[in-house]
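Structural overview
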Amino acid sequence: MREPSRATGSAALRAGWSHSHRDVSGGWLRPTVFGVVDGLVTNASLISGLGGGGVSAHTVVLTGAASLVAGAFSMGTGEYISVTNQNELVGAEVSLEQQMLARFPAAEEEELAGYFRQYGADPGTAARMASAVSADPETALRVHTRQELGVDPQDLPSPLVAGVASLFAFSFGALIPLLPWLAGAPYLWVTLVLTAVGLTALGIVVGRLTGRPVLSSGLRQLLLGALAIAVTFGVGHLIGSHS
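The following paragraphs examine the structure supplied in this document. What you see is a predicted model, and the numbers here were worked out from it, not measured in a lab. All residue numbers here refer to positions counted from 1 along the written sequence of the relevant chain. Local features in this predicted model are restricted to residues of pLDDT 70 or higher, and side-chain atom pairs are both shown and tallied only at a pLDDT of 80 or more, whereas totals for entire chains, interfaces and linings draw on every residue. Side-chain metrics rest on all non-hydrogen atoms present in the structure, leaving aside hydrogens and water.

For the rest of this paragraph, the subject is the packing of helix α7 (residues 159–182) against helix α8 (residues 188–210). Across the interface, α7 lies against α8 with an axial gap of 8 Å and an inter-helix angle of 150°. Our classification of the angle between α7 and α8 gives roughly antiparallel. Of the two elements, α7 crosses α8, and the hand of that crossing is right-handed. Together, I176, P177, P180 and W181 of α7 and L188, V190, T191, L194 and T195 of α8 make up the contact between the two elements. When residues are sorted by character, Ala, Val, Leu, Ile, Met, Phe, Trp, Tyr, Cys and Pro go into the nonpolar class, Asp, Glu, Lys and Arg into the charged class, and all the rest, Gly among them, into the polar class. A per-class count over the contact of α7 with α8 returns seven nonpolar, two polar and no charged. Each axis is a line fitted through C-alpha atoms, taken for helices only over the stretch in contact, and angles between the N-to-C directions span 0 to 180 degrees. Numbering of helices and strands runs from the N terminus, with a helix taken as a DSSP run of H or I at least four residues long and a strand as a DSSP run of E at least two residues long. The labels follow the angle: roughly parallel below 35 degrees, roughly antiparallel above 145, roughly perpendicular from 65 to 115, and oblique for the rest. A crossing counts as left-handed when the near helix is turned anticlockwise from the far one by less than a right angle, and as right-handed when that turn is clockwise. Throughout, a residue-residue contact means that at least one pair of heavy atoms, one from each residue, lies within 4.5 Å.

Put into structure tokens, the structure is as follows:
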């Protein structure tokens, strides 16, 4: 939680509001949610397709476990590389902006004044603000990159955090529909019930985190997952019945 400014925080607290904000730039929420949903839907759909095809319980366990391991490492590696490449691209653009600030300081300061004028400052105030910011090269670089790239070069997501979060999240999600088969209850309906509960619960948690209505968020996750599972079951049944 990031602390609010002293004045605004006091006014908000007096009115009964908490003005502090959650950290939305750490790079963990998206890969975690995406990983759990992907693991849950992937393995539930896979098991449903195998169940629809009439394969043995041993085949379901073997295939589901292989899917869990392969998918987890694929997700973790992909997320790590994706965030790394994105950060490297941002780094290259920040380096270019740093060179522009060093070679054309007057033009960059005027550009900064233009941004402040767009925010409503009068020309004189905008010029003074731009001059004050440009006096510190690091501050000027941060402000320019925020305006031109929409990112803060000192607050980029961690590739390691994103990769690890994605790996473990996928593993957790993929394990849920496989649990009945590992526990000696190889019944497809048990997998479907656990998956429905998991998808709904995850949707509710995400709704709680993002401020969306929790019921609609849970139902959205459930309906999308059910669609994937139903289609995969139909394909498995179709192929299995003709084998």
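Our next topic: a nonpolar patch on the surface. Judged by side-chain polarity, Y80, I81, L160, V164 and F168 come together as a nonpolar surface patch covering roughly 510 Å² of accessible area. Counting only elements with at least two residues in the nonpolar patch, the list comes to α3 (57–103) and α7. Here the nonpolar patch gets three residues from one element, more than from any other, and that element is α7. As for its position among the elements, Y80 is in helix α3. We classify Y80 as partly exposed; its relative accessible area is 41%. Note that patches include only residues with greater than 30% relative accessible area and no salt bridge, and the join distances are 9 Å for like charges and 5 Å for nonpolar side chains (Val, Leu, Ile, Met, Phe, Trp, Tyr). Where accessible areas are quoted, they stem from the Shrake-Rupley method and a 1.4 Å probe; at the residue level, only the protein chains shown are allowed to cover. Definition used for salt bridges: Asp or Glu carboxyl oxygen within 4 Å of a side-chain nitrogen of Lys or Arg. The cut-offs for exposure are 20% and 50% of the maximum accessible area for each residue type, with area from a 1.4 Å probe on protein chains only; residues under the lower value are buried, those over the upper are exposed, and the others partly exposed.

What follows concerns the environment of L175. With respect to the helices, strands and loops of the structure, L175 is situated in helix α7. Beyond its immediate stretch of four places on either side in the chain, L175 contacts L68 and L182.

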